[in-house]
Amino acid sequence: MQSQKNGFREEEGSGERGLLHAWKGYSCSVTPERVLLSRPVLQAALGTRHGVLLAEGGQVYSFGELPWKPDQPSEPVGPILEAALSGQRVVSVAAGSFHSGAVTEDGGVHMWGENALGQCGLSGRNMVADPTPVSVVDPETSPPQAVRVLELACGEQHTLALSARHEVWAWGSGCQLGLVTSVFPVSQPQKVEHLAGRYVLQVACGAFHSLALVRCLAPQEARRPPQDKCGQCNQLLYTMTDKEDHVIISDNHYCPLGVELAEAEGRQASRQGSPAPRLRSSPSEPVLPSMAKPPAFAASEEDPPTTANASAQSTSEDLDGTEKPEPDGGDPKTDPDSAPLADSCKTPLSMGTGPKNSPYPDEQAVKDYLKRLSDHSLAEQVGKSPVTVQCTQPLEESADPDTPDPDPASLPPTTVSSTLNSLVVSCASAVGERVASTYEALSLKKVMSYYYPSGAAGSVPGPGEGGKETREERVRLEESMQGKKSSSLGDIREEEAEGLSRRLSLPGLLSQVSPRLLRKVSRPRVRAVALTPTPVFEAEDHLPSLHTEVWSWGRGKEGQLGHGDILPRLQPLCIKSLSSKEVVRVAAGAHHSLALTAQSQVFSWGSNSSGQLGHMDSPSTVPRLAKMSEGIRVWDVAAGQQHTLLLADGDCFQPILYYCGRQVREGAPGSPQSESGGYTPQAVLLPFCMHLGYVSSVYAGGQSCLALADRNVMGFIASLHELAAAERKFYCKLSNVKSQILRPLLGLENLAVTLGPTTNQLLQALAGHFSRLCHLTGQHSVSLTSFLRRGRDVKGLVMLEHAAIFLDTYKEYCSSVGNFLVMGGFQALVKPSLDFFGKSPELLQRLAETSEENVPLSDLLVALFYLPVRHLHEYGRLLLKLATCFEVVRTDGQTLSHTSTRRQKERHPRHTRHTSSTLDYQKLQDGCSKYEALALLLKRKRKEAEYTYHFWKSFPGKMTDSLRKPSRRLVCESSNKALTLQNAGRFSVNWFILFNDALVHAQGVVPYKNFFSTHHVFPLATLWVEPISEEDTSLYGLKVTSPEESFTLLASSPMEKAKWLRAINQAVDQALSGGGAEALVPGSSAPQRPEPPISRTATYTFYKDSRLKEATYEGRWLAGKPHGKGVLKWLDGRTYTGTFKNGLEDGYGEYMVPNKTLNKNHHYQGHWREGKMHGFGTYKYATGEVYEGSFQDNMRQGHGMLRSGKLTSSSPSVFIGQWLQDKRTGYGVNDDITRGEKYMGMWQDDQRQGNGVIVTQFGLYYEGAFNNNKMMGTGILLSEDDTAFEGEFSEDWTLSGKGTLTMPNGDYFEGTFNGVWGTGLKVSGSYYKPNLYESDKDKNRAVKLGSLAVRPEEKWRAVFEECWSRLGCETPGQGENWKAWENIAVTLTANRRQHRDSPELMSRSHNKTLESLEFIPQHVGPVTMEKYESIRRYLIKACDTPLHPLGRLVETLVAVYRMTYVGVGANRRLLQQAVNEIKSYLSRIFQLVRFLFPDLPEEGGVIPETTTDSPDRRGSSPSDAVAQPEPAQPGRVVSSSALLLPVLLPRLYPPLFTLYALEKEREEDVYWECVLRLNKQPDLALLAFLGVQQKFWPVSISVLGEKKQVLSCTKDACFASAIETLQQISTTFTPSDKLQVIQLTFEEITQEVLALLKEDFLWSMDDLFPVFLYVVLRARIRNLGSEVNLIEDLMDPCVQHGEQGIMFTTLKACYYQIQHEKVT
């Protein structure tokens, strides 16, 4: 290394960064030397006598003494490149005492240096000369995977690695590994299982101990059932000591994990060189650890030495605590602690548990003695003293009076070691009587020396180390400990306040309580208030955690573990006292430890032999605060062998260095100083630090120090440091406010009573937001600190990348301060504050940074809590300052500072410097404007809050209570008479107050100027204001509209009018945008709208309107009226959800009405018009009834279906039909399921009235007149067996009057009848038995049905009327054609839009159908075949979707038809009515079709055939055959059946065909019997029987392409194709399709015969009929009679006389022929 003493005066702009300076000690004459490297240094690490450097580009250099390098001289060398790592991109390096490590970008580990104890993780090598890869593999994964490592930490004999999964891996030797093993060295990296499942942030290694910084578990992870025993050592966690008049409860258990080993095994292990630790089997057994450094007792000066041996064996240590090497040089290491005697990790000794190993003559006697000693004597001793003492923790005045009492939750319980001597000493020191302590110690030593004769504690000395353990050496060890300034265990007196709060005396005598405790009791009681913020979760992802814990393990004889004792720990244990201290970094020296907190404080513990802890307590076994001057904020720490180096902020933002610990002589580096002035006990400033530039991190190791610095280039580095320093300072400030002001105030008793519930709640909210802001600032300061250490790329600044987190936190905080201020909170806090802070609040003044005299206390508090807003300006200023460093590039194109350009050039070699720095510049500028804009906004908000607060102070009191709300702010008010109400009374006074959420109108009477009798609040969200033009009136008026009132305000001048108009509009706009400008992103400067939107979303509760009184509406508004989608809720539980128009329900909506008696809801879902149910809807009644149909004016009107009751209930029934004003009126069908009756007929006022038909499940059929819901008047009644009655009826099924009763055999009665049908009739009249020959009279006897039923065209009128009205016609056929098409288009589009929102309701094909329906077929001009085809196709699609009016009509008709003719309605006597009903449907739908396509010819009209394109058309349209029955004709006849039956009949077919089958049942039974009989015949026999001419008999038939002879036994082979064709008649629906099948059958027969005769030939009917009869028989069609009748009833009239008509007649003839065939 070369000394560059004048290198500090280098030019500022030289642009060097990553400069490394090295030095030793702290004297004024020390000058750091520059470590010269060609590249900037990124990181460094120091061992005892060597160091490692990481330079830019991932290159690694070693310097110092490198004995593991074979060709290196013994003296120190300058930096030499580690060539083995070239090509590897190294990202971090670490150095142990005598070994080094490096981590590459991909997470690989390389180690080199000394490896005798496995510390390099490589087995079988004592030295590793060059960096060698070490495989860190997780064996638990399958297959085992390599672990990616983030960073390394190295000690003297061990190495720790932190993995990317934030777990710790360890290798090397000693208990500092934290592994569950007894075999050392561990050369294969192993996971530290004790930390598994925790998130480790950083690891650090001392010489023989380890530290880990761990993120606290989330609350839900930590919430486990409380344990009462330690999971490790099975000892009780809570102990209760019973005293005479009180009980001491303690939870000061510390697990001495694995310290107590079985004695014999321990010795045996030491002989083998690797200890095998074993825990004692019983936790209650006492232990005498003669091998662990026994605690010494701080004897007073006049005390004689405890034993003769002690004086003979004088101190074997230097004053500074360094032990001399062993005389026999047995240990090759230079480590002062590695003597086997003192190594408590390796060979601890304890009492054996088995009888063979027991060193006691009588084990039980010793146990009893020890127990008596601990319980009785000590209790007596302690009882005499004036202080109540718990043995484990003394009460004594704190050494540091300034330290505030710590938070009880975080106090560290110091422990009693599980050894008796430490128990005795801690109790004794607690009492503070040294005589007693000496006496107890002597008595214990007597016991020990008695039971341990001078062998090796009673066991046979083995070879090697085993024999050294003599009593003299043990005593020497004790005395050597005394030689130090005080005993390590003396530290059990640490942090008395913390111990005190963990102890409970129940109930104590005051005489036995410490004076300190008494003083505490006399203070006002303070409630514990949790001010630890719940973390902002979005922030947690981008910012470092402050909820941390420090865990330590390894050797602890210097107290370096921080657990309050000097015991080793085999596994990691949490240092409880640091749990709430927000530790963000840990560092470990050889025998001391450091923890740096977010509040820039340093806690230190461990060896203080050279003052390296930075405080006077020596040594410290628990963390203590290092003493720093006021205003010094530490932000980086490093620890060497006996010194500590701190990097801090001072008055200016250039970092300064502090040093505490051993001084190093200039002359002889490495040799210890003389005793006088050899070390500094407190941190001293290193004067040269100002010359180093901007130091970003410090390193220490051995006796050396390193500082890594940057020169300030273009102000960039300085600005970064200034930003970080400002944030650290701000966080300390906030923490002070929190701990010194907020927490004490919140903790005051009776605070809630003083403030009142509202204000107290606001204070709690304010405290919560303050805490959150404070926490965020702390996280950010830590983030900025680490930003200085690493890349310093502007993109890494959290405050730019995630500005929203900061902006939101500040907004929420300022909002809570404003709310508290408005409600007079700060005024109310004055009294409690006076009680607490006294009359002269200097503390408040200092914290609030006000220099003015005599500021009122409330103003001080306001200033204090608005302090953070000032910090936003600081953000803006510093970001702008950073941006100016980039501006150079933008303005004149010169090269930027080295800071930016060089940095970016290296980082983005492909980018031009210009681009990336411009981006950075832009980012910084945007960030700056965001923070500045927010600062201005919050400043404005503060003014608003103060203005509002002063307004409330002067406001007349009565209204204040109801109007004053925390979030309400005053905008303006009309107390200056600038605004009056038009047409107000002469004596009335009107005052208008505009708040940010409401306009308040207060009214009063003239004499009482300040007394306003009434006031009304108009919420701004539902307020519309518009200026009235001044032309008509000379008044300056504003028209104000609210949902239930509108009034006019008159302004005194045009200026006032404009002012109020603007103020109201702005306030309304802000209220709508949810807080207005707050909702805008600061800096985005969204343009202010001139006026708020007339249409808006808002919530309002009505107070006047009779229909809506106290109902709340939430939804869209338009000019003061609900308009659009919304929800209306009444107080009685009624709810409407749907669309509104001009303030009324209009469109589709859902309505719920609670029924209190049934405790259920009525529920309506459907259409509305002008506030009433109107259109189609479904109403589910609370009773269980469901109505589905049309409504008008809130009543059922039009067509609808009512289902009453369920099948299981008492009276289930279904009505479908016409309604008028909520009653059944017109035609309807009622199915009474209970009685098994179905009524089809006319209704009036919910009663059967007029003609109708009833059928019952028992086969009764009645047709006739009804009156008053009864059969009354003329009627016809038929029973199942065809008994018929025609005559007068008086009630249901009751005959009364003249009539005729006809028997099934033709006999009949004529006369007067009385009685109920089926029970016995009284008859007076004549009985007739008709003569066989009275045929003419007989003909008239048959009962004609249907004449008394409702005519088919009268049925379902409402259904058709609704369809016409959907097409825009008032009455059927009356309307505009264009309007109808327009309505169809609107309906389809609306339905498509509705279904687009919920696509699951509609299939893809359905959607396509709708698309194709949007193209309207051309319907003007004469209809050609082509047009006719397109109309036909359109109708098929239209009827296919219920969203089209025609489809809706067809769907409804199908529903009513099935409703009528299914179930009980399947009665054969209804067949003719069912057929006529279908015909009436056809004619009425055809009327609609002709209305839509007016040029379509009437029924029976002809469309001329176009000759040119007919062959193509026929070929192209397979369904033409269906629609065109006669291709031979010159044109096409238009008929409703041809056009509409294909659409309608398939859906109506099942009920209709069932009726045919029932009607023709007897005929078909005869036919079928004959078919079955004749089909037993073989083909030729049947052909002969039927009289088929022989020339038509098939000779051979083709079976699978093979000709076979027809034999006399052949069956079902002749005319097979024709038979198969005819069978298809049962699979078709419409008559035209069935006729087509018959025609094809004839063609098949003809084909076959032509093939047989091989010549042309014409059929005569005589020839054809027998052949066709054969085919019909062989086709075996079960319901042929039904098929024939269906075709006959519904076939197109124009077909009857054509070719198909003749063929059909032939089929019919066959059917009748088969019935009457005589089989002989």
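Refer to the preceding data block for the structure.
Residues numbered from 1 in each chain as written. Predicted model: local features only at pLDDT ≥ 70, side-chain atom pairs only at ≥ 80, totals over all residues. Heavy atoms only, no water.

Visitor: Tell me about the nonpolar core, residues and numbers included.
Guide: Core analysis: the largest hydrophobic core is formed by 131 residues, its most contacted members being Trp23, Leu657, Phe826, Phe865, Leu924 and Tyr931. Every residue in contact with Trp23, bar those within four places of it in the chain, is listed here: Val30, Pro32, Leu645, Leu657, Leu686, Phe688, Gln703, Ser704, Cys705, Leu706 and Ala707. Core analysis: the next-biggest nonpolar cluster, separate from the first, contains 76 residues, Leu1388, Val1475, Leu1496 and Tyr1549 among them. (Core = buried A, V, L, I, M, F, W, Y, C linked by side-chain atoms within 4.5 Å. Buried < 20%, exposed > 50% of the residue type's maximum accessible area, 1.4 Å probe, protein only. Contact = heavy atoms within 4.5 Å.)

Visitor: How would you explain the sheet that holds strand 22 (residues 548-554) if you had to name every residue and give the values?
Guide: Taken together, the four strands give an open sheet; going across it, the order is 17-18-22-23, and neighbouring strands pair in antiparallel fashion. Across the chains shown, the open sheet's two edge strands, defined by having one partner strand only, are strand 17 (199-205) and strand 23 (569-574). Strand-to-strand, the axes of this sheet are offset by a mean angle of 20 degrees, without reference to chain direction. Where strand 17 and strand 18 (residues 209-215) come together, six bridges link them in antiparallel fashion. Residue pairing in the sheet places Val200 in a bridge with Val214 of strand 18. (Pairing = 2+ DSSP bridges. Helix = DSSP H or I, 4+ residues; strand = E, 2+ residues; numbered from the N terminus. Axes fitted to C-alpha atoms, helices over the stretch in contact; angles between N-to-C directions.)

Visitor: Report on helix 25 (residues 1357-1366), specifying residues and quantitative values.
Guide: Those residues of helix 25 that fall on the buried side of the exposure criterion are Ala1358, Val1359, Phe1360, Glu1362, Cys1363 and Trp1364. Residues of helix 25 that are buried make contact with strand 49 (1186-1192), strand 50 (1195-1204), strand 51 (1213-1220), helix 29 (1445-1461) and helix 30 (1471-1492). One or two steps after helix 25, the chain reaches Gly1368, where phi turns positive at roughly 90 degrees.

Visitor: Describe the sheet that holds strand 16 (residues 186-191), naming the residues involved and giving the relevant values.
Guide: By way of backbone hydrogen bonds, the strands of a sheet pair with one another, either parallel or antiparallel. Taking strand neighbours across the sheet as the criterion, the four strands line up as 13-14-15-16 in an open arrangement whose pairing is antiparallel. In the strand order of this sheet, the two ends are held by strand 13 (149-154) and strand 16, each with one partner. Across the sheet, the mean angle separating the axes of adjacent strands is 20 degrees when strand polarity is ignored. Alignment of strand 15 (residues 168-172) against strand 16, held across three bridges, turns out to be antiparallel. Bridging across to strand 16, Trp169 finds its partner in Lys191.

Visitor: Help me get a handle on the pairing of strand 22, residues and values and all.
Guide: Along any regular strand, the residues point their side chains to alternate faces of the sheet. Strand 22 sits mainly inside the fold: seven of its seven residues count as buried. Alternating residues of strand 22 divide into Thr548, Val550, Ser552 and Gly554 and Glu549, Trp551 and Trp553, and every residue in both groups is buried. Summarising the sheet, strand 22 and strand 23 pair through three bridges and their orientation is antiparallel. In the sheet register, Gly554 faces strand 23, and the bridge partner there is Arg569.

Visitor: Which residues make up the packing of aromatic side chains, and what are the values?
Guide: Taken as a whole and assessed by the stated rule, the structure comprises 56 aromatic pairs. Between Phe806 and Tyr875, the ring centres sit 6.5 Å apart and the planes meet at 90 degrees, which makes this aromatic pair edge-to-face. With Phe806 in helix 15 (residues 803-822) and Tyr875 in helix 19 (residues 867-892), this residue pair connects regions lying 69 residues apart in the sequence. Judged by its relative accessible area of 1%, Phe806 falls in the buried class. Residue class for Tyr875 comes out buried when judged on its relative accessible area of 1%. A centroid spacing of 5.1 Å and a plane angle of 80 degrees characterise the contact between Phe1215 and Trp1243, whose relative ring orientation is edge-to-face. Pair noted here: Phe1215 is in strand 51 and Trp1243 is in strand 53 (residues 1237-1244), with a separation of 28 residues, a long-range link. Given a relative accessible area of 1%, Phe1215 falls into the buried group. Owing to a relative accessible area of 7%, Trp1243 belongs among the buried residues under this scheme. For the cation-ring pair, Arg968 lies above Phe995, with the distance from its terminal atom to the ring centre recorded as 5.4 Å. Looking at Arg1196, its charged tip hangs above the ring of Tyr1187, at a distance of 5.6 Å from the centre. (Phe/Tyr/Trp six-rings, centres within 6.5 Å; stacked < 30°, edge-to-face > 60°. Lys NZ or Arg CZ within 6 Å of the ring centre and 35° of its normal.)

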